Structure formats: structure tokens, C-alpha cells
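# Understanding the architecture of this molecule
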Amino acid sequence: MLKIRNICILQRRWKSGKRRWNVLQHKRNNCDRALETFDDFYGSVYGGRWKNMRAALLTEHKYVAMVNNFGDTEQTCSMLELDGAINIKSLIQLAMEREEAGAESNLLLNRHAHYDIDDKLESLLRKQQEREVAAIYPTAADDGHVPPQQLSYDGKKKEDSHTEAQTDSGKEAPSVEFTHSLTKALEQDVQLDESRLVDPQFGTGGLYEYVPASSIKGMEDWVAESKHYKYYQTSTDFPLIIEPEAIFQYPEHLAIYTYEMGNCAEFKPPRQCLTGVLSHFLMDGASVLPPLFLQVQPGERVLDACAAPGGKSLLMLQTLHLDQLVCNDVQESRLNKLRRVMQEYLFDYKQRWAGKRLIFSQSDARNLDEYGSYDKILVDVPCTTDRHVLMHQDNNIFKPTRIKERLRIPELQAGILANCLRLLKPGGSLVYSTCSLSPVQNDGVVHMALQKVFNEHGITARIKDLSQHTALFSDIYRFEQPKGLKYGQMVLPYLPANFGPMYFSKITRNS
Amino acid sequence: MWRRVLFNAQNVQQLKNVNLRQLAAKATAPKLLQLEQVHIDEAVKLEPALAIYTPEIWRRAHETFQNHGLETMSFLRIVTGNPNVLKRTPDRIIHTLEIWRACQFGENLLHLLLTKYPELLDVTDAHQLLTLSAYLKSRLSTNKNVWKVLMNSPDLMAQPENLIEEKLTYMFEVMRIEVPEIVKSSALSLSFEELRCRHTFLVRLGLFKPRPLKADPNEPTTNHRLYQITDTSEKSFVTKICHVTLPEYEAFKDLLARELERKSRKTQVEEEFSDEEV
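Residues numbered from 1 in each chain as written. Chains lettered and ligands numbered in written order. Predicted model: local features only at pLDDT ≥ 70, side-chain atom pairs only at ≥ 80, totals over all residues. Heavy atoms only, no water.

All names here are of chain A. Per the counting criterion, the structure on display carries zero disulfides over all chains. Free cysteine Cys383: the closest other cysteine sulfur is in Cys435, separated by 3.5 Å. Free of any disulfide, Cys420 has its nearest cysteine sulfur in Cys306, 6.8 Å distant. For Cys420, a relative accessible area of 0% corresponds to the buried category. (Disulfide = S-S within 2.5 Å. Buried < 20%, exposed > 50% of the residue type's maximum accessible area, 1.4 Å probe, protein only.)

What follows is about the UniProt feature "active site" (unreviewed entry) in chain A. Residue and element names in this part refer to chain A. UniProt tags Cys435 as "active site" (unreviewed entry). In this fold, Cys435 is placed in the loop between β10 (424-434) and α19 (440-457). On the basis of relative accessible area, Cys435 is assigned to the partly exposed category, the value being 23%. For Cys435, the contacting residues outside a window of four places in its chain are Cys383, Thr385, Asp386, Pro501 and Met502. (UniProt positions renumbered as here; feature names shortened; annotations may be inferred. Helix = DSSP H or I, 4+ residues; strand = E, 2+ residues; numbered from the N terminus. Contact = heavy atoms within 4.5 Å.)

Bringing the packing of helix α8 (residues 126-140) of chain B against helix α10 (residues 161-174) of chain B into the picture now. What describes two packed helices is the angle between their axes and the distance between those same axes. Residue and element names in this part refer to chain B. Closest axis-to-axis distance for the α8/α10 pair is 12 Å, and the angle between their directions is 10 degrees. If you check the angle between α8 and α10, you find them roughly parallel. Packed against α8, whose contacting residues are Thr131, Leu132, Tyr135, Leu136, Arg139 and Leu140, the element α10 presents Glu161, Ile164, Glu165, Leu168, Thr169 and Phe172 at the interface. (Axes fitted to C-alpha atoms, helices over the stretch in contact; angles between N-to-C directions. Parallel < 35°, antiparallel > 145°, perpendicular 65-115°, else oblique.)

The next thing to look at is the confidence of the model for chain A. The share of residues in chain A with pLDDT of 70 or more is 78%, and the mean pLDDT across the chain is 81. The low-confidence segment residues 140-148 of chain A (pLDDT under 50) makes seven contacts with residues lying over four places distant or belonging to another chain. (pLDDT = per-residue confidence, 0-100.)

Moving on, we come to the UniProt feature "domain: SAM-dependent MTase RsmB/NOP-type" (unreviewed entry) in chain A. UniProt's feature table lists "domain: SAM-dependent MTase RsmB/NOP-type" (unreviewed entry) at residues 281-510 of chain A, given in the numbering used throughout. Here residues 281-510 of chain A runs as 35% helix and 23% strand, with 35 Å between its end C-alpha atoms.

To continue, consider the nonpolar core. The biggest cluster of nonpolar side chains holds 76 residues, and the ones touching the most others in it are Trp58, Trp100 and Phe105 of chain B. Considering each element in turn, this core owes the most residues, six residues, to helix α12 (residues 192-205) of chain B. Contacts of Trp58 of chain B, omitting those with residues within four sequence positions, involve Leu35, Ile40, Ala43, Val44, Leu50, Tyr53, Phe75, Leu76, Val79 and Leu86 of chain B. Leu125, Leu421, Val445 and Leu485 of chain A belong to the second largest nonpolar core, which has 63 residues in total. (Core = buried A, V, L, I, M, F, W, Y, C linked by side-chain atoms within 4.5 Å.)

Right, let's talk about the sheet that holds strand β5 (residues 280-284) of chain A for a bit. All names here are of chain A. Strand order in the open sheet made by the four strands is β2-β4-β1-β5, with antiparallel pairing throughout. Only two strands of the sheet have a single neighbouring strand rather than two, namely β2 (86-87) and β5. Summarising the sheet, β2 and strand β4 (residues 256-258) pair through two bridges and their orientation is antiparallel. From the neighbouring strand, Ile86 faces β4, where its bridge partner is Thr258. The strands touched by helix α5 (residues 73-82) are β1 (63-67), β4 and β5; relative to β1, the strand with the most contacts, the crossing angle is about 155 degrees. (Pairing = 2+ DSSP bridges.)

Residues and elements named next belong to chain A. There is a patch of nonpolar side chains on the surface, built from Ile216, Met219 and Trp222 and spanning about 260 Å² of accessible area. Note on placement: Met219 falls in the loop between α10 (205-208) and α11 (226-229). For Met219, a relative accessible area of 31% corresponds to the partly exposed category. (Patch = residues over 30% accessible without salt bridge, like charges linked within 9 Å, V, L, I, M, F, W, Y side chains within 5 Å. Areas by Shrake-Rupley, 256 points an atom, 1.4 Å probe, with all protein chains shown as cover. Salt bridge = Lys/Arg side-chain N within 4 Å of Asp/Glu carboxyl O.)

A few words on the side chain of Asn498 of chain A. Along the chain, Asn498 of chain A turns up in the loop between β12 (489-491) and β13 (502-509). Here Asn498 of chain A falls in the buried class, since its relative accessible area comes to 1%. Among the polar contacts made by the side chain of Asn498 of chain A, one reaches the main-chain carbonyl oxygen of Glu60 of chain A at a distance of 2.8 Å. For Asn498 of chain A, the contacting residues outside a window of four places in its chain are Ala56, Thr59, Glu60, His61, Lys62, Arg387 and Pro493 of chain A together with Leu255 of chain B. (Polar contact = N/O pair within 3.5 Å; in protein donor to acceptor, adjacent residues only side chain to side chain.)

With that out of the way, let us pick up unusual backbone geometry. A negative phi angle is the norm for most residues apart from glycine, just as the trans form is the norm for most peptide bonds. All names here are of chain A. Note the cis peptide between Ala308 and Pro309, where omega equals 0 degrees. Residue position: Pro309 is located in the loop between β6 (301-304) and α13 (311-318). Look at the link from Gly500 to Pro501: it is a cis peptide, with omega at 0 degrees. Turning to its location among the elements, Pro501 is positioned in the loop between β12 and β13. One non-glycine residue with positive phi stands out, namely Leu320, at about 65 degrees. Mapped onto the fold, Leu320 is located in the loop between α13 and β7 (324-329). Under the relative-accessibility criterion, Leu320 is labelled partly exposed at 42%. Its identity as a non-glycine residue notwithstanding, Asn395 has a phi of 55 degrees, on the positive side. Here Asn395 lies in the loop between α16 (386-391) and α17 (403-407). Using a relative accessible area of 60% as the deciding quantity, one classes Asn395 as exposed.

Looking now at the pattern of salt bridges. Using the criterion set out here, one finds 36 salt bridges over all chains in the structure. Asp83 of chain A is paired through a salt bridge with Lys268 of chain A; the nearest N and O atoms lie 3.5 Å apart. Of this pair, Asp83 of chain A sits in the loop between α5 and β2 while Lys268 of chain A sits in the loop between β4 and β5, and the two are 185 residues apart along the sequence. Given a relative accessible area of 40%, Lys268 of chain A falls into the partly exposed group. Residue Arg262 of chain B is joined to Glu266 of chain A by a salt bridge in which the shortest nitrogen-to-oxygen separation is 2.3 Å. Of the two residues, Arg262 of chain B is situated in helix α15 (residues 246-277) and Glu266 of chain A in the loop between β4 and β5; the pairing between them involves two chains. Among the ionic contacts, a cluster of salt bridges with common partners joins Glu60 and Glu266 of chain A together with Arg258 and Arg262 of chain B.

The following block contains the structure:
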């Protein structure tokens, strides 16, 4: 039988074929753009370690399996164990025993006053600005014109020392240091660009009509990439307390299975249980940490501010501790996805859960206004989702038309986090998490939000240092060394344990 | 295929005579013309399997090789490497040498090749060898390059043409590596999967960037040379070239294999679907 397709193929052979370089050349897509940006940004932040993360991000990631407590729990557990998976709970138990045996030899926690990440970001910002300036003044080298450079302020390198319990009041506004006396400024600017001086002999009348340019024609819409890095500030003018988290309890009823580091085996797909729900939920391994460290206690009212697709919410429900969980998300479609997941995993969803213990709300997390009413909040904000943007074309934030949205992500994140801090009951705590490696979206946003709530609402909070407890998970995850991060912990993508990236920071509102 | 062979035969490649003469001059300097009992004893010590042959056989074989321009030293190296050669009649040895000569590497280069890999004297099928060499010449452009490739990866003789083609296409089109670099490495000895895995690993680490299609050919690349990538053991490739740890590469191999398998399964399903639609 003659197929239409065969004729097409026959015809194609008569063409000369792809030979020209511009046909052969790979067309640059959103993933390439993302990779390029990351190479530049993370390459300077993480140095030589970036290439390991890069390879891990570009390769398939690893899952963990969360056993559904509303299905045939024992059967599922034994099935997963037969496949060679290990319960995280027992790994934690082992780590705890090991830690106790290792004695309290290294209890002293010396928080370092200076973070080298600050310097790195500063130099990155400078580099980016120089590059942008060079793009606008391309012939700088040719005509001997020196492009405007960043003024170097003497006092800018302020030692940001936030040791424990340091509480400096907001008096120390950074703007004080930037104002120089006029004479000093004139002295510094003695070297004027001679070519731009107007000779008085030609009359100074023209100068009265002179309007200084504020933007370049044709580039009014242009957004400088370096704007993004400016969200990362280092000056602290709000009370900042960092204290180690006292205890960590692994939930009794939670069963999460993983394979040991280096084992890349896959889990079986979930099956239907006798109760009609699915047996286990597969999720990125690093996503289990934020809800675990939130430490939901029995009888608490919890909010998941950006809930979809629902893995973290489901995990909190699986601890069986919750009294009421409010799942919020912006988009209807994402909320529907979340509803579907809950229906698939919760037994008697319609009768026992929907509307009673599990409440859905659709709104922007910045506009929620039940202030002071939640014990715990999980703030898993929208971010550049580093793994997703490198692998998938659709819904990619590195699309050129979304550049403004992308550069303003930290603003959105800080807005959400600041609002969630207000939603907390005094004494309540939240976990802020992103799946990005960018320090701007991680520490930078925490910093911005804390500053914002202090300035606008007078709310103070303390950061919980989780590094002691993350050590329990070091058999399963590869963590960023605590020196590189100020306010939180981060799971790094690492090929034998290809989880993450996942940054999380626990913040408790002061009572 | 026949046309290619004929075409190849007509198109006698003028080898670089200057080079050859230099090599020849070098070779003539310490010449051993006589096969002595000492040589035989030494050879037997190295390769006990040679002990069964009578001096007459030794002499006969030596004479055959010498008549075809191979010195005593080369002869000794060949028989210790491949004792079965002595078993053969002079006619058969000559026949094999003639087959090799038809590849037109030039006498001296051919002798170097045969001395390095005496197993190559086991060739009996002239057609197969000529087909292979003609094919390699069509991809690598000169006989000298074919010789270089065989010097680096003699196991090409045993590989089917489609596998070689797959690897060469990958190196030319995906890695964008030119012929001179390919013939200097033993990349063709590697299996296609391993070659692809090493290359993909380097690409994902950000250590290998294919040359832009319009790049100036004189401009040196920052990539590692092909021989560094392919002619190293797995451990030294990972630690010296990639500067990562071995467990990471082990995990990567597993993950990549799974990823590719999934991709191929997906395209298969898509093809089935599109067939049904038509």
C-alpha cells in the first residue's frame, strides 16, 4: 500500500540536504538562555563547584517515594523495601545514634561575621553593569572615551557583623555614608572630560536649552540584567537574631523511602490500594525537607502559601498531625492540579477532608489578610526553578518576553514572604523555600522581607539555624556548606544524589 | 562497494616520499641480516609456543619476510607476537602481505603497522580488507590517515562498517572534530555508547563546547583534545580531564543510559502513532 508519507520522504531525498551552516546551526532556545545565564551567574558564585552542579542539573533527577498512610501502608512499605529502598526514618535514627556516640566534641558554633558570597555578588554586579555599559557604548575603546564607572564609595564596605543577639536599631541608615561634601566631590572629579566642555567663546546661550538625557532613544523599554542582582543587599538595619534550632523530631507516622547515595534505581509507579487511593507519591527528594523542618505539631493550623502541585502539602497531611491545612495558590489551573492530587491520595476526600480539614483558597499570597492566625506557614515561593528551566521549553521563565517578570522575581518573593510573616501568630514559625541556587532569591529575599516587615509593620523575627539537624540527612543529600549561606540551608544537586536544588530557611516570629 | 574499491585502486595516493626516505634511512642504520641461534633462543624464551618449530621452518619464514623487506628484528617481533605465522607456508605469508600491500600505505608504514600488530597477518579475506580500507579512506580522505587510524585502533578490522560509520558521524557532526584529530586518537576503539557518554558528560559539565560552524579553523579550541578524552582509562578521564569524582561519573553513566532509553522509547511510540494516522 502506498502511504502518503513515503512519497514525501522520496521527495525529500531529491533536495540537496542541509548543508548551510545557518541551517545546521542549533537555534537558541529558552533552555540555552537559562543555561547561559546560570553559567555566568552561578559560575562566579560557586566557582569550580558549578560544573558538578551543572552536570547534575542537566541530568535526570532522583525521586523519593512517600508512602500513603491512607492506603495499604504495610504492603507498600514491604514492596518498596523489597526493591532495595531504605526508610529515611531509619537512616535518621542511625545518624542520631552516630552523633550521640561522636560526643559533643564540636559544639561551639562560630558564626562567621563576613561572608565571601557578598563579595562575589558585588563583583558580579559590577561585571554585569560594565558589560551593559559596554553594550551601549560599544566604541569606548576606539574614541578614547571612558565609560562611566561605578563610583567607589569609601565607606561602602561596611563590616556587616551580625553575630548572635546583635540588635542594632534602624538608625544606621546606609544613605548617611554616601553623602560626601560638595568640595570633596569636586576635588575628586577634577579630571573632567575636556571634549565635552563648552568653550565660552562660542556663547553659553545654547546651554540654557540643554536638557540632560535620561534614556536612550529606542531603548526606553530596556531592562538591565544587573538590576536583578541589586536585590541582594548586605546592609542590616533591622534586628537580626540567628539562633540554633533546639530540637528536631521526625514524624512518627511518616514513611519516606529512598535509595542510598549512588544508587540511581527507579521506583515502581504507584498502584491503586484497597481504599481506592494510590499507594505512594513520588517527589523530588529535596522537597521533603521544608515541610519536615516546619515541624508541624498536633492541633496546629497550617497554611501552604503556594501549594501546587501539592507534594509538600500532602507530606504535611501524611504526618497525621494537622488540624487544618489551608492550601493557597494564585492560578485556578494549579489549584485544580492540587485538588486532583488530594483526591487521589486522601481516603474519603469528599466527606472527611474537603472544606473541613483541607481548605483551598485562590488568591495572590501577597493579598492574604488573615493576619496572626496561623501556627505554621510553608512558603514555597515561585522562583526560577533551576531544574525546570534547563529541561523544559514550555512555561519557561527565561523566555525573552518574560524578562521583566524574571528580573522582578525577588520582589515578588519578598512580598509573599513579608506578608506570610504577618499572617503568622506571634511565636509561630514559617519555612521559606525555593528551588533555585541563586543567592539573590534565597538569602537576599529573606533579608529583604525581614527588613520590609520591620520597617513597615514593626514585626521582628528570628532565624533558626538548622545546620545541626541537616547533618542528620547528610547520608542522603549533599548540602551546601553552612559557610556559603547566611540565613538558611541548601541541598545542592550532586550526581550520585541528584536532588534539589532546594533552599530553605526557618523563621520564627517573635512574640 | 566494488566501485569504491576500484576507484580507490585507480586513485593511487602519492605518499610523502620525503618522509618515507627519512624513515628508511633511519631503519637502515643498525641492520641485522642474519638469523642466528641466539635470536631464536631469545624469542623462545619470550614466547614458549615457538619452541616446537624446527630451525628449517625458522629459516624459511625469515627468508620469506626478508625477501619482502622486513628486517630480522621486525621478523622476530612478529613471530613472538603471533607464533602461528611460522606454521604457515611461505605462499600464504606472501599472499597476506600482498593483500596488505594493496591498501597502499607504502612499504615502510606497512612494515611498521605489521610489526606493531602482528595479529594483522591473520587476514585472509582480501575483499573485506580492501572494502574496509576504501571505506575508511572515503571518510578520512588519505591512505596515510587510514594507516594512522589503524596504528591507533587495530580493532577496526573486526568492527562492522555501520558501527564505525555511527562513531565517525558522531565525531564529525556532533562533536565537530576534524580528521587530523580523529586519526591521532584511538577513539574508534571505544564503543559508540562509551564515546557518547564521555562526550555528553563533558558537555554537561560545561567543559566541551562544539566549535561554531563559522569559526576560523586556525583558532585553537579550549576543548580537551580527542585523544585526552578517549585514550584514557575511566579513572584518569574522570579525575584528570573532568576534575570530578568517580562516583559522580558512575551515577552519570546509569542516568544517561536510562535517559537515552526513555527517549528512544518515546520516539518509537511516536512513530507508531504517526504510522497509524497515515
